[in-house]
Amino acid sequence: MALKLAPKVKLNDGNEMPVLGLGTWRSYENDAEFSVKCAIDCGYRHIDTAYVYENEAEVGRAVRAKIQEGVVKREDLFIVTKLASHHHDPNVVEKACRESLSNLQLDYVDLYLIHFPVGMDFDYLDTWKAMEKLVPLGLTKSIGISNFNSEQTKRIVENCTIKPVTNQVECHPGFNQQKLIDFSKKYDIIITAYCPLARPKPEMKLPSFLFDEKTEAIASKHGKTATQVVLRYLIQHGVVPIPKSVNPQRIKQNFDVFDFELNSDEMKVMDSFNTKHRTIPFSQLRTAKHFPFNIEF
Ligand SMILES: NC(=O)c1ccc[n+]([C@@H]2O[C@H](COP(=O)([O-])OP(=O)(O)OC[C@H]3O[C@@H](n4cnc5c(N)ncnc54)[C@H](OP(=O)(O)O)[C@@H]3O)[C@@H](O)[C@H]2O)c1
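Residues numbered from 1 in each chain as written. Predicted model: local features only at pLDDT ≥ 70, side-chain atom pairs only at ≥ 80, totals over all residues.

(A) Inspection of the overall build of the chain at higher detail. Within the chain, the regular secondary structure consists of 11 helices and nine strands. Taking 2.2 N^0.38 as the reference for a compact globule, 297 residues should give roughly 19 Å; the C-alpha atoms of the chain span a radius of gyration of 18 Å, in line with that estimate. The principal-axis extents of the C-alpha atoms in the chain amount to approximately 55 × 50 × 35 Å. Taking the intrachain contacts of the chain between residues at least 6 apart in sequence as the baseline, contacts between residues at least 24 apart amount to 72%. (Helix = DSSP H or I, 4+ residues; strand = E, 2+ residues; numbered from the N terminus. Rg over C-alpha atoms; globule rule 2.2 N^0.38 Å. Contact = placed C-beta atoms within 7 Å.)

What follows is the structure, encoded as structure tokens:
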């Protein structure tokens, strides 16, 4: 039977991104390679890594192995990596991208993101102008941002030649980013949802939205798990979740969300879990120039 793949969303530059991806932060020591191989076998085609995750080489090994096995072609995959904050110097951006490609052993990535707007003494707008040069060089198909607030996004859009295709930010029912999603839609920028499960701690029954009986009731009605309800909720909100797992059952389970739909009442229940609480507040950078989380969204 043909493998079921995730639908794709059209980006503002004409490229397409699968609406669900695999996260790889904190997947080390062969876990990243193992999880990416497992994910590709399950049907994932969108893989998220970053220079600072120190696992680009592992991710690349898995990708090349699956291409060699004939499971996928390079053009079937959507590989994302990110420019580290200590590489914001516009004169360093191309070198940093080439270093990531060398780690990955790939000729190009599908999406290259500025990982965080704070970058030493550099203005992210100058960094963005250097990012734009990577596209005609063929080093990346698309470019985007991560952890940018609405004002920073607007400043980029109003001063760019190439618009960001996505803003990758924390997003889950407990921090659902509705305002940033609505704002970004006006510019045709898709929100990618990192931390889509808010990094569950089952022993503490956290995050509460995952363990709430209302979520459980929705899940049992659809014959799904609470996690699957959460991922489905995000996709129906038009965002692209990238749950991380290194466990084969959970990798498979997280992808199995394309055969059911939440109705509007169920979406409202999931909306009701929204708080102002971030799982990853990046507090250590709070006083830095261009820190993004000092305004509402
Ligand atoms: N741009 C940024 O600044 C930024 C920041 C954070 C994250 N990210 C990206 O977003 C990805 C996802 O975020 P995240 O890793 O922080 O958090 P997450 O995906 O919300 O949660 C990952 C945790 O959930 C567990 N898990 C996964 N599936 C599960 C399931 N079905 N049931 C129960 N537990 C499950 C995983 O454990 P197991 O591995 O044991 O399954 C892992 O501990 C990252 O890996 C990274 O690629 C980007």
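(B) Structural view of the site of the ligand. Of all residues adjacent to the ligand, which total 26 residues, the nearest are G23, W25, Y194, K244 and S245. When residues in the shell around the ligand are grouped by element, the largest group, three residues, is from helix α10 (residues 248-255). (Near = placed C-beta within 6 Å.)

(C) Region of interest: the pairing of strand β8 (residues 190-194). Where burial is concerned, most of β8 is hidden: five out of the five residues are buried. Residue alternation in β8 divides its side chains into two sets, I190, T192 and Y194 and I191 and A193, and both sets are buried. With five bridges joining them, strand β7 (residues 166-170) and β8 adopt parallel strand pairing. Within β8, the position partnered with Q168 by the bridge is T192. The sheet contact formed by β8 and strand β9 (residues 240-241) spans two bridges and is parallel. Counted as the bridge partner of A193 is P241 from β9. (Buried ≥ 20, exposed ≤ 12 C-beta atoms within 10 Å, placed from the backbone. Pairing = 2+ DSSP bridges.)

(D) Layout of the nonpolar core. Membership of the largest hydrophobic core comes to 79 residues, with the highest contact counts inside it found for V36, I47, Y112 and V230. Once residues lying within four places of it in the same chain are set aside, the contact partners of V36 are L22, T24, I47, V59, A62 and V63. (Core = buried A, V, L, I, M, F, W, Y, C linked by C-beta atoms within 7 Å.)

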